Amino acid sequence: MNTKSFPSPIPGRYFITEGGIETEIMYKWGFDLPEFAMFPLLEKRDSARAIRDMYRRYLDVVASRSHCALIGGFDYRASPDWGAKLGYSPAALAEANLRSIQFLRDVAAEYEDDIPQALFSGYVGPRGDAYGLNPNMTVQEAEDYHSVQLETLKRAEVDLAWAVTFNNPVEAIGVVRAAKRIGLPVAVSFTLDSSHRLSSGVPLSEAISIVDTATDSAPAFYSLNCSHPYEFEPALDGGDWTRRLRPIRPNAARMDKISLCKLGHLEEGDPKELGGLMADVSRRYPHMDIWGGCCGTGHVHLKEIVSHLPQLAAS
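Residues numbered from 1 in each chain as written. Predicted model: local features only at pLDDT ≥ 70, side-chain atom pairs only at ≥ 80, totals over all residues. Heavy atoms only, no water.

(A) Representation of helix H7 (residues 204–215) within the structure. Taking 1.5 Å of rise per residue, 12 residues should cover 16 Å, and H7 covers 17 Å from first to last C-alpha, within 8% of that figure. Where the residues of H7 are buried, they touch helix H6 (169–182), strand S5 (186–190), strand S6 (221–227) and strand S7 (245–250). Positive phi shows up at aspartate 216, right after H7, with a value of about 55°. (Helix = DSSP H or I, 4+ residues; strand = E, 2+ residues; numbered from the N terminus. Expected span 1.5 Å × (residues − 1). Contact = heavy atoms within 4.5 Å.)

What follows is the structure, encoded as structure tokens:
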């Protein structure tokens with residue numbers, strides 16, 4: 001099966017993703033997310049309007065710097081087990097996936113004269129708890145499970161299937177193999193805890209090597225999300241493996257993830273400080289060309305992060 005490719009880096013071109021949309025919509029705009037799922041909110045007028053405005057603020061930042069956009073958002077929980085918990089039939093869940101991508105296309109269409117290129121990603125979340133180990137899943141089970149959502153994302157003609165907040169290399173291998181078989185470009189995003197490793201105990205460099213070895217280096221790239229610089233910085237040792245990392249999408253706050261989940265309010269940290277920390281990462285790893293945010297971040301954080309990119313590209 002033919003697989004379209006995700007664009008390779010071009011010096012001076014940056015793709016900007018959205019920030020932590022779930023935490024913003026919950027804690028800043030007051031909408032509940034059963035099972036941490038965003039896609040049901042598109043079915044209600046008031047929440048859909050709030051989401052559209054949130055994306056407009058993000059795309060305003062992208063347009064203000066003439067960067068490109070890599071837009072995703074609602075389908076992190078749109079896989080069979082989570083859909084069943086939310087009361088969705090398989091057909092209704094597939095329709096929710098398709099609706100989510102179309103919503104993004106509709107918002108982006110408003111910026112077609114202001115953003116040089118807009119690409120669309122479908123997010124694939126872990127089958128279980130993102131911070132749990134899910135140790136009993138085999139590669140074949142992961143491939144079979146995630147194939148359901150990936151087939152729908154193929155129908156939606158996304159530019160990238162992005163497996164995000166993974167901590168189990170075995171499950172990641174299953175996702176990559178499924179995407180490769182279906183014919184979708186795929187990326188894998190791991191998350192690190194305060195030990196600077198995946199919560200499964202695997203170092204980031206080793207996790208990338210495990211997945212690459214098992215899939216003939218099929219992922220278009222790897223990334224980090226849902227970790228603050230204090231969690232991921234010690235893992236970036238400057239080795240050759242770091243060339244496989246293209247995006248880092250940091251959390252806003254210097255707080256471990258479990259504590260963040262229990263706060264019950266938005267912890268935005270210091271946007272200016274976060275922008276400076278990410279600028280330092282960009283200076284040391286100039287090949288990184290995809291930037292965005294995760295929990296606690298919004299358009300203010302994105303503005304701080306991207307404000308450094310043009311001068312870095314010119315230097």
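(B) Representation of the sheet that holds strand S8 (residues 290–291) in the model. Strand order in the closed barrel formed by eight strands is S1-S2-S3-S4-S5-S6-S7-S8, with parallel pairing between adjacent strands. As defined by bridge partners, strand S1 (residues 15–16) adjoins strand S2 (residues 68–71) across two bridges and the pair is classed as parallel. Counted as the bridge partner of isoleucine 16 is alanine 69 from S2. (Pairing = 2+ DSSP bridges.)

(C) Just helix H4 (residues 90–109), in detail. The end-to-end C-alpha separation of H4 is 29 Å, in line with the 28 Å expected for 20 residues at 1.5 Å each. Each element contacted by the buried residues of H4 is listed here: helix H2 (45–64), S2, helix H3 (80–85), strand S3 (118–124) and helix H5 (139–155).

(D) Spatial organisation of the layout of surface pockets. Roughly 290 Å³ of internal volume is contained in the second largest pocket. Taken together, 19 residues line the second largest pocket, and the ones lying closest to its centre are Phe6, Ala218, Pro219, Ala220 and Phe221. (1 Å grid on protein atoms, 1.4 Å probe; cavity = no way out; pocket = protein on both sides within 12 Å on 5 of 7 lines; lining within 4 Å. Points joined across faces, edges and corners; volume = space filled by probe spheres on them.)

(E) A look at the packing of aromatic side chains. Under the criterion given, the structure shown has 10 aromatic pairs. Measuring from centroid to centroid gives 6.1 Å for phenylalanine 6 and phenylalanine 15, while their planes differ by 45°, and the two rings are tilted. Each member of the pair, phenylalanine 6 as well as phenylalanine 15, carries the same accessibility label: buried. Between the aromatic rings of tryptophan 162 and phenylalanine 221, the centroid separation amounts to 5.6 Å while the plane-to-plane angle is 90°, which identifies the pairing as edge-to-face. Of this pair, tryptophan 162 sits in strand S4 (residues 160–166) while phenylalanine 221 sits in strand S6, and the two are 59 residues apart along the sequence. Considered together, tryptophan 162 and phenylalanine 221 belong to a single accessibility category, that of buried residues. Grouped by ring-pair contacts, the aromatic residues Phe6, Phe15, Tyr123, Trp162 and Phe221 constitute a single cluster. Directly above the aromatic system of phenylalanine 103 lies the positively charged group of arginine 52, at a separation of 4.8 Å from the ring centroid. Directly above the aromatic system of phenylalanine 120 lies the positively charged group of arginine 105, at a separation of 4.7 Å from the ring centroid. (Phe/Tyr/Trp six-rings, centres within 6.5 Å; stacked < 30°, edge-to-face > 60°. Buried < 20%, exposed > 50% of the residue type's maximum accessible area, 1.4 Å probe, protein only. Lys NZ or Arg CZ within 6 Å of the ring centre and 35° of its normal.)

(F) Expanded view of the nonpolar core. Core analysis: the biggest nonpolar cluster contains 80 residues, and Ile25, Ile51, Tyr55, Leu150 and Phe190 have the highest contact counts within it. Sort the elements by how many residues they give to this core and H2 lands first, with nine residues. Not counting chain neighbours up to four residues away, the residues in contact with leucine 150 comprise Val124, Ala161, Val175, Ala178, Ala179, Ile182 and Leu184. Counting residues in hydrophobic clusters, the runner-up holds 14 residues, among them Leu119, Tyr123, Ala130 and Val164. (Core = buried A, V, L, I, M, F, W, Y, C linked by side-chain atoms within 4.5 Å.)

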